[in-house]
Amino acid sequence: EDQVTQSPEALRLQEGESSSLNCSYTVSGLRGLFWYRQDPGKGPEFLFTLYSAGEEKEKERLKATLTKKESFLHITAPKPEDSATYLCAVPIYGGSQGNLIFGKGTKLSVKP
Amino acid sequence: DAGITQSPRHKVTETGTPVTLRCHQTENHRYMYWYRQDPGHGLRLIHYSYGVKDTDKGEVSDGYSVSRSKTEDFLLTLESATSSQTSVYFCAISATGPWEDTQYFGPGTRLTVL
């Protein structure tokens, strides 16, 4: 069964304490992986798309990397404004149908 | 920000009543999607559209119907709302795809069915 699993479910960091979030998937023939940020009461905000193993993308304090089985979202020297839920998503295909499967997210809290 | 609006933003209704949620985009994107987000489940696809009057079912389509008569509008209808449809509903759009192109999300509609 195609699955997307994010870990940890929740992560508490002190301001400046770097860490990584994980997104593992069991989709065969990966054709893209998306990272989103979601603030409470708002819609997901697009961060990155990764298409092939070894690819990396950066935006401010965030860097996303991709391997054949998982993706990491590295957060360097986080600030309180980085607090949010981070979602990853992977497209899957079955017969004539397709879908974008989302993980359940990692809720990040950064304390000053 | 992608030009996506959803209306209403909040709605409380009673079991058995019909409900229609609207998604409006100003990006002229071909693809539009409706998702629901529930604790413990993440985002799940309800229906999507790949053009005017062209729609298809998603993962959790039972109890929902959609219509798209104009490029910019995608309507989600709950014919007879049930308490299990209490959720936050998000509309998304993409230019191409549908699954490999970036989807951009609207602000959401919080629906409560009593």
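What counts, and where the lines are drawn
Residues numbered from 1 in each chain as written. Chains lettered and ligands numbered in written order. Predicted model: local features only at pLDDT ≥ 70, side-chain atom pairs only at ≥ 80, totals over all residues. Heavy atoms only, no water. Phe/Tyr/Trp six-rings, centres within 6.5 Å; stacked < 30°, edge-to-face > 60°. Buried < 20%, exposed > 50% of the residue type's maximum accessible area, 1.4 Å probe, protein only. Salt bridge = Lys/Arg side-chain N within 4 Å of Asp/Glu carboxyl O. Pairing = 2+ DSSP bridges. Helix = DSSP H or I, 4+ residues; strand = E, 2+ residues; numbered from the N terminus. Axes fitted to C-alpha atoms, helices over the stretch in contact; angles between N-to-C directions. 1 Å grid on protein atoms, 1.4 Å probe; cavity = no way out; pocket = protein on both sides within 12 Å on 5 of 7 lines; lining within 4 Å. Points joined across faces, edges and corners; volume = space filled by probe spheres on them. Nonpolar A, V, L, I, M, F, W, Y, C, P; charged D, E, K, R; others polar. Contact = heavy atoms within 4.5 Å. Buried area = accessible area lost by both parts, 1.4 Å probe. Polar contact = N/O pair within 3.5 Å; in protein donor to acceptor, adjacent residues only side chain to side chain.

## Some points on the packing of aromatic side chains
All names here are of chain B.
Next, step 1: Here the structure, examined in full by the defined rule, presents 14 aromatic pairs over all chains.
Next, step 2: Summarising the aromatic geometry, the rings of Y33 and Y35 are spaced 6.3 Å apart at their centres and angled 35° between planes, so their arrangement reads as tilted. With respect to class, Y33 is no different from Y35; both count as buried.
Next, step 3: Between Y33 and W99 the ring centres are 5.8 Å apart and the planes differ by 55°, which places this aromatic pair in the tilted class.

## Let's talk about the pattern of salt bridges
Next, step 1: Evaluation of the coordinates by the stated rule reveals 9 salt bridges over all chains.
Next, step 2: A salt bridge links A:R37 to A:D39; its shortest N-O distance comes to 3.0 Å.
Next, step 3: A:D39 sits in the partly exposed class, given a relative accessible area of 21%.
Next, step 4: Residue A:K57 is joined to A:E55 by a salt bridge in which the shortest nitrogen-to-oxygen separation is 3.8 Å.
Next, step 5: Judged by relative accessible area, which is 30%, A:K57 ranks as partly exposed.
Next, step 6: Counted as one network, the salt bridges with shared partners bring together B:R22, B:K70 and B:D73.

## Focus: the sheet that holds strand 8 (residues 70-75) of chain A
All names here are of chain A.
Next, step 1: Spatially, the 5 strands line up as an open sheet ordered 1-3-8-7-6, and their pairing is antiparallel. Only two strands of the sheet have a single neighbouring strand rather than two, namely strand 1 (4-7) and strand 6 (56-59). With direction set aside, neighbouring strand axes in the sheet form an average angle of 15°.
Next, step 2: As paired strands, strand 3 (residues 19-25) and strand 8 are joined by 6 bridges and run antiparallel to one another. Each residue of the ladder has a partner; that of S19, found in strand 8, is I75.

## Re the layout of surface pockets
Next, step 1: Roughly 1000 Å³ of volume is contained in the largest pocket.
Next, step 2: Together, 42 residues line the largest pocket, and A:K104, B:D38, B:H41, B:G42 and B:L43 are the ones closest to its centre.
Next, step 3: Those elements giving two or more residues to the lining of the largest pocket turn out to be strand 1, strand 9 (84-94), strand 10 (97-102) and strand 11 (106-111) of chain A together with strand 4 (31-38), strand 5 (42-51), strand 9 (87-94) and strand 11 (109-113) of chain B.
Next, step 4: At 4 residues, strand 9 of chain A tops the list of elements feeding residues into the lining of the largest pocket.
Next, step 5: Taken together, the residues of the lining of the largest pocket sort by class into 13 nonpolar, 17 polar and 12 charged.

## Some remarks on the interface of chain B and chain A
Next, step 1: Taken residue by residue, the interface counts 21 residues in chain B and 21 residues in chain A.
Next, step 2: For the pairing of chain B and chain A, the buried interface totals around 1700 Å² over both sides, and the portion due to carbon and sulfur atoms is 50%.
Next, step 3: Together, B:L43, B:W99 and B:E100 form the three largest contributors to the area buried by chain B at its contact with chain A, with a combined 38%.
Next, step 4: On inspection of chain B and its partner chain A, the count reaches 1 salt bridge.
Next, step 5: Salt-bridge contacts for A:R31 lead to B:E100; the nearest nitrogen and oxygen are separated by 2.8 Å.
Next, step 6: Our count for the chain B to chain A interface comes out at 6 residue pairs in polar contact (both at pLDDT 80 or more).
Next, step 7: Looking at the side of chain B that touches chain A, the elements with two or more residues in it are strand 4, strand 5, strand 6 (54-57) and strand 10 (104-105) of chain B.
Next, step 8: Sort the elements by how many residues they give to the side of chain B that touches chain A and strand 5 of chain B lands first, with 3 residues.
Next, step 9: Split into classes, the residues belonging to the side of chain B that touches chain A amount to 8 nonpolar, 7 polar and 6 charged.

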